[in-house]
Structure formats: C-alpha cells, structure tokens
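Fold and geometry: a report
Here are the chains, one letter per residue:
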Amino acid sequence: MHTRILAAIRKIPRGKVSTYGAIATAAGYPGAARQVVGTLHRSFDLPWQRVLGAGGEIKLRGDSAIEQRLRLESEGVTFRGRRVDMKKHEFKFARPKTTAKRKNKQARPLSDKRRATNH
C-alpha cells in the first residue's frame, strides 16, 4: 500500500495539485486518505506541497501551511482565497486499472435433496 501511494504522489507534476482522497483512489485504495497522510509523514523526498485537503484546502497549520503555500505559489499555482484554484491546477490521475470484475453470485435454488434435509 505504502509503495503504491508513494508512486501516486510522485506522479503529480510541478504546478499541479491533488487531494489526499484522489491519491488514495489512484493508488487503488479508495477511502484511504488517512493512509496517504501517514505515508507523507513517514517519507521524505516527496512533493508533499502538492497534496491538499478536499476542495484544495491546505490542511497543515502554522509555519508548515505558510511554507506549503509559498512552495505552491513558486510553482505557479494560484489561489482563490485560502484554497487552490482546483479547476486550473488539479492533477487528474489516469483511471486505475481494475482487476477482474467480480461476478454477482446469484442464489441458486436448493436441489430437491438439500431441500428435503433442510425442512
């Protein structure tokens, strides 16, 4: 999981941003935004400034938030108030390749023999 999240983060080009949730989905783990946060905390040499909260909001606080904004602005990312202009700068990941689709198992009627023993 960690490796796939790292790979997704590294795909975000300069001047583009993505959200924790979009990265989790791109890595194949929809709903695992918190794991993306954990990966960012444990790793180094990542473009961490390009990862934002939903809607383009910087989720860091204090000096880290100021640093993130300055780094993004130096890459040419524009803001609308306190949020990144996502229409302009959101990086769209290619759809992840899905594994073989699961077939819905329909309930099979019990055979006459099994029906007799279940009653």
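These lines cover the structure that appears in this document, whether it is placed above or below. (Residues numbered from 1 in each chain as written. Predicted model: local features only at pLDDT ≥ 70, side-chain atom pairs only at ≥ 80, totals over all residues. Heavy atoms only, no water.)

Some points on the overall build of the protein chain
Each helix and strand in the protein chain was counted, giving six helices and four strands. Listed N to C, the secondary structure of the protein chain is α-β-α-α-β-α-β-β-α-α in terms of helices and strands. Across the 119 residues in the protein chain, those meeting the buried criterion constitute 34%. The contacts in the protein chain between residues at least 6 apart in sequence include a share of 60% that link residues at least 24 apart. Total accessible area on the protein chain stands at roughly 9000 Å², and carbon and sulfur atoms take up 51% of it. (Helix = DSSP H or I, 4+ residues; strand = E, 2+ residues; numbered from the N terminus. Buried < 20%, exposed > 50% of the residue type's maximum accessible area, 1.4 Å probe, protein only. Contact = heavy atoms within 4.5 Å. Areas by Shrake-Rupley, 256 points an atom, 1.4 Å probe, with all protein chains shown as cover.)

Here we look at the nonpolar core
In terms of nonpolar packing, the biggest core is built from 16 residues, with Ile9, Ile23, Val36, Leu40 and Val51 touching the most fellow members. Secondary structure elements with two or more residues in this core: helix H1 (2-10), helix H2 (20-26) and helix H3 (33-42). Setting aside its immediate chain neighbours within four residues, isoleucine 23 contacts Ile5, Ala8, Ile9, Ile12, Ser18, Val36, Val51 and Phe93. (Core = buried A, V, L, I, M, F, W, Y, C linked by side-chain atoms within 4.5 Å.)

Focus on the side chain of histidine 89
The topology assignment puts histidine 89 in helix H5 (residues 86-89). For histidine 89, a relative accessible area of 7% translates into the label buried. Among the polar contacts made by the side chain of histidine 89, one reaches the side chain of threonine 78 at a distance of 2.9 Å. Contacts of histidine 89, omitting those with residues within four sequence positions, involve Gly15, Lys16, Val17, Gly76, Val77, Thr78 and Val84. (Polar contact = N/O pair within 3.5 Å; in protein donor to acceptor, adjacent residues only side chain to side chain.)

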